[in-house]
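# Topology and contacts: notes
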Amino acid sequence: MTLTTKNIEELIELCRARNQFAQLEVYNRYYKAMYNVAFRIVKDSFEAEDVMQDAFLTAFSKLYSLKDTVTFGSWLKRIVINNSIYRFNKNSKYQNVPFEHAMHKVEDDFQGLDNDTSSSSDKAKLVLNTLNQLKDNYRIALTLHLIEGYDYEEIGDIMNLSYANCRTTISRAKESLRKKLEPIVSY
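Residues numbered from 1 in each chain as written. Predicted model: local features only at pLDDT ≥ 70, side-chain atom pairs only at ≥ 80, totals over all residues. Heavy atoms only, no water.

### So, the overall build of the protein chain
Scanning the protein chain from N- to C-terminus turns up 9 helices and 0 strands. Mapped from its N terminus to its C terminus, the protein chain presents α and β elements in the order α-α-α-α-α-α-α-α-α. Relative to its 187 residues, the protein chain shows a buried fraction of 37%. In the protein chain, 60% of the contacts between residues at least 6 apart in sequence involve partners at least 24 apart. Of the accessible surface of the protein chain, which amounts to about 11500 Å², a share of 50% is contributed by carbon and sulfur atoms. (Helix = DSSP H or I, 4+ residues; strand = E, 2+ residues; numbered from the N terminus. Buried < 20%, exposed > 50% of the residue type's maximum accessible area, 1.4 Å probe, protein only. Contact = heavy atoms within 4.5 Å. Areas by Shrake-Rupley, 256 points an atom, 1.4 Å probe, with all protein chains shown as cover.)

### Here we look at the nonpolar core
Within the largest apolar cluster, 47 residues are counted, with the highest numbers of intra-cluster contacts made by V26 and F72. Among the elements of the structure, α1 (8-16), α2 (20-42), α3 (45-61), α4 (72-92), α6 (120-131), α7 (136-147), α8 (152-159) and α9 (163-181) are those that each provide at least two residues to this core. With 9 residues, the top contributor of residues to this core is α2. If near-sequence neighbours (up to four positions away) are discounted, F72 is found in contact with I8, I12, V26, Y30, A59, L63 and L66. (Core = buried A, V, L, I, M, F, W, Y, C linked by side-chain atoms within 4.5 Å.)

### Some points on α2
An ideal rise of 1.5 Å per residue puts 33 Å on 23 residues; α2 reaches only 29 Å between its terminal C-alpha atoms. Along its length, α2 reaches its greatest deviation from straightness, about 50°, at Y30. All of the buried residues in α2 are A22, Q23, E25, V26, Y27, Y30, M34, V37, A38, I41 and V42. Regarding α2, its N-cap is N19, as a side-chain oxygen of that residue lies 2.9 Å from the backbone nitrogen of F21 further along. Phi for K43, located one or two positions after α2, is positive at around 60°. (Expected span 1.5 Å × (residues − 1). Bend = angle between axes of the 7 residues up to and from the residue. Polar contact = N/O pair within 3.5 Å; in protein donor to acceptor, adjacent residues only side chain to side chain.)

### Section: the packing of α1 against α2
Two numbers describe how α1 lies on α2: the axes approach to 8 Å, and their chain directions differ by 135°. Viewed along their axes, α1 and α2 adopt a mutual orientation that is oblique. Viewed along their axes, α1 and α2 form a crossing whose handedness is left-handed. Residues I8, L11, I12, L14 and C15 of α1 form the contact with α2, whose participating residues are A22, Q23, E25, V26, R29 and Y30. (Axes fitted to C-alpha atoms, helices over the stretch in contact; angles between N-to-C directions. Parallel < 35°, antiparallel > 145°, perpendicular 65-115°, else oblique. Left-handed = near helix turned anticlockwise from the far one by under 90°.)

Take it as geometry only, folks, not as evidence of what the structure does.
Next comes the structure, spelled out in structure tokens:
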């Protein structure tokens, strides 16, 4: 049986035995999804690749601590999210973009978008691009909630927020997103 036909539990056991071919197979199965998770948080392609690579290195070196091999994907995703938030916070100290510049970029990107004829794909791109214009804590909270599917408790743990504060943050983030989209898209 080749490695491509093995289930994740078998691959993880081979990875624990330091089988590099099994590690490559696990990487090939998960790298695209993990890159997308990292990119939505750090907003930079090269940084997302670094985060993803570091997450895989961490995961392979800490496989002994994984209790249930079935949960490998969610465990790896948690490593990627934590690394992404850490890296984003570390780098955001040095990158201040004026709000006016960001708004001009959104206006330029969607100047010719006709709401009646735009496809759902265009609207999805519009929402994602507008999401990226939100305050960082709003953007991260909404990404974790709406895109990654985490619940309030999990997001609170990841972002070090109380349950009530997490709900409030997500509610305010949704309202902020709604207000930014109002002039651009008519629902």
